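# Coordinate inspection notes
Chain residues, written in single-letter form:
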Amino acid sequence: MRYEIMGPLRVVEEERKLTIRARKIEVLLTVLLVRADQVVPIDQLITEIWGEDPPRRAIAGLHVYVSQIRKFLRRPGQHESPVITRPPGYVLRLGHDRLDFHCFERLVCEGRDHLRERRYQQATATFESALDLWRDPLLDDVCHGPILEGFQTWLKEARLECIEMLTDSRLMLGRHRELVSDLYQLTTEHPLREALHRQLMLALYRCGRRADALHVYQAARKTLNEELGLEPCRALQDMQQAILTSDDRLELHVPA
């Protein structure tokens, strides 16, 4: 069985894809999966489900939700539920089941190793496989507590880092032309991510659009000054200088 939480919760077993319609139960199972193989105290679970203003009978309601999750996860021949009571709360034991964000972490680590060793084709394929696991933001409208909010923040940051490393791999394979439009969109969505601006500048320069590349630098510098009162980082400044001097190193391509 595979649990998928890089998007709305889904449980995949063979050809079946099962979902939970009741949002509070969905939140509860997602929290237990985020903290898989760790005990989550009852008070933390209540905060995740109801926020800072839980109902009077929240504990009783929680017990009912746990019972429904156990019923939802029950499989033929299974003698014990993966969700067990463990004071001061509950724990979901993964056992041999899989969790998509664990697969995502493993693929990102593998891709990073390929990138470090200059195996750009392998790095590109691995990062693409990692990003294929992403479906939608996690429970955007019901994240009341610190566990899910923290996980959501981590997941978005990890996805952006993966995108940046994938882009570096593709640039090293000479795929700059196909990257320009995506990088323009990404820099618009994430204007403070200096790595994305650097990558866009390089892609534009390799497309023969030197003036556009320098304009990207000026626009990024203005945004950083206005939003944070900061100058661009050294990597972004070095990219501007290399473009101004037509540094030969910008033309280097690693063959596929």
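All residue numbers refer to positions counted from 1 along the written sequence of the respective chain. Only residues with pLDDT of 70 or above have their local features reported here, since the model is predicted, and side-chain atom pairs are shown and tallied only from 80 upward, although totals for entire chains, interfaces and linings are computed over all residues. The side-chain values count all of the structure's non-hydrogen atoms but skip hydrogen atoms and water molecules.

Selection criterion: UniProt positions are given in the numbering used here, feature names are shortened, and annotations may be inferred rather than shown by experiment.
An unreviewed UniProt entry annotates the chain as AfsR/SARP family transcriptional regulator of Streptomyces rhizosphaericus. The record in UniProt for the chain states the following under Sequence similarities (unreviewed entry): "Belongs to the AfsR/DnrI/RedD regulatory family."

## Quick word on the sheet that holds strand E7 (residues 98-99)
For clarity, the threshold we go by: Between any two strands, pairing holds if DSSP finds at least two bridges. Per the convention used, a helix needs a DSSP run of H or I reaching at least four residues, while a strand needs a run of E reaching at least two, with both numbered from the N terminus.
An order of E3-E2-E1-E7 is seen for the 4 strands of this open sheet, with the pairing classed as mixed. Only two strands of the sheet have a single neighbouring strand rather than two, namely strand E3 (16-18) and E7. As paired elements, strand E2 (residues 10-13) and E3 share 3 bridges and run antiparallel to each other. Paired with valine 11 across the bridge in E3 is leucine 18.

## Topic: the UniProt feature "domain: OmpR/PhoB-type" (unreviewed entry) in the chain
Annotation from UniProt places "domain: OmpR/PhoB-type" (unreviewed entry) at residues 1-94. The span residues 1-94 shows a helical share of 39% and a strand share of 21%, and its end C-alpha atoms are spaced 10 Å apart.

## Details of the domain arrangement of the chain
Formally: Reported domain spans reflect what an automatic or database domain assignment gives.
Domain assignment breaks the chain into domain 1 (2-97) and domain 2 (175-255). Distance from the C-alpha centre of domain 1 to the C-alpha centre of domain 2: 44 Å.

## Here's the deal with the packing of helix H2 (residues 42-50) against helix H3 (residues 58-73)
Quick reminder of the rule: To define axes, lines are fitted to C-alpha atoms, for helices over the stretch in contact only, and angles between the resulting N-to-C directions are given on a 0 to 180 degree scale. Any angle from 65 to 115 degrees is called roughly perpendicular, while one under 35 is roughly parallel, one over 145 is roughly antiparallel, and all others are oblique. Residue contacts follow a heavy-atom distance rule, with two residues in contact if any of their heavy atoms lie within 4.5 Å.
Packing of H2 against H3 leaves a shortest axis separation of 10 Å and a crossing angle of 90°. With respect to each other, H2 and H3 are oriented roughly perpendicular. Together, Ile42, Leu45, Ile46, Ile49 and Trp50 of H2 and Ala58, Ile59, Gly61, Leu62, His63 and Tyr65 of H3 make up the contact between the two elements.

## Notes on the sheet that holds strand E5 (residues 83-86)
With antiparallel pairing, 3 strands are arranged side by side in an open sheet as E4-E6-E5. For this open sheet the edge positions go to strand E4 (40-41) and E5, each flanked by a neighbour on one side alone. With 2 bridges joining them, E4 and strand E6 (residues 89-92) adopt antiparallel strand pairing. Bridge pairing in E6 links valine 40 to tyrosine 90.

## Details of the layout of surface pockets
Applied cut-off: Within this scheme a cavity is a closed region of a 1 Å grid, computed over the protein atoms alone, that accommodates a 1.4 Å probe without allowing it to escape, whereas a pocket is open but has protein on both sides within 12 Å along at least five of seven lines; lining residues each have an atom within 4 Å of a point. Grid points are joined across faces, edges and corners, and a volume is the space filled by probe spheres set on the points. Under the grouping applied here, Gly and all other residues not named as nonpolar or charged are polar, the nonpolar ones being Ala, Val, Leu, Ile, Met, Phe, Trp, Tyr, Cys and Pro and the charged ones Asp, Glu, Lys and Arg.
Taken as a whole, the largest pocket encloses approximately 400 Å³ of empty space. Counting only elements with at least two residues in the lining of the largest pocket, the list comes to helix H6 (146-172) and helix H7 (176-189). No other element matches the 7 residues that H6 contributes to the lining of the largest pocket. Residues of the lining of the largest pocket, tallied by class, amount to 8 nonpolar, 3 polar and 5 charged.

## Regarding the nonpolar core
Selection rule: Put simply, buried Ala, Val, Leu, Ile, Met, Phe, Trp, Tyr and Cys residues joined by side-chain atoms within 4.5 Å make one nonpolar core. Three labels apply to residues, based on accessible area from a 1.4 Å probe with only protein chains included: buried if under 20% of the type maximum, exposed if over 50%, partly exposed otherwise in between.
In terms of nonpolar packing, the biggest core is built from 76 residues, with Tyr3, Leu28, Leu73 and Leu92 touching the most fellow members. At 10 residues, H6 tops the list of elements feeding residues into this core. Residues lining this core come from more than one domain, with at least three contributed by each of domain 1 (2-97) and domain 2 (175-255). In this structure, tyrosine 3 is in contact with Arg10, Val11, Leu33, Leu73, Pro82, Leu92, Leu94, Asp97, Arg98, Leu99 and Asp100, ignoring residues within four places of it in sequence.

## Observations concerning the packing of helix H4 (residues 100-116) against helix H5 (residues 120-132)
Rule in force here: Two helices crossing with the near one rotated counterclockwise from the far one by less than a right angle form a left-handed crossing, whereas a clockwise rotation gives a right-handed crossing.
Viewed as axis vectors pointing N to C, H4 and H5 meet at an angle of 165°, and their least axial separation amounts to 8 Å. What the angle tells us is that H4 and H5 run roughly antiparallel. Considering only the axes of H4 and H5, their crossing is left-handed. Here Phe104, Leu107, Val108, Glu110, Gly111, Arg112, His114 and Leu115 of H4 lie close against H5, whose contacting residues are Tyr120, Gln122, Ala123, Thr126, Phe127, Ser129 and Ala130. For the contact of H4 with H5, the per-class residue count stands at 8 nonpolar, 5 polar and 2 charged.

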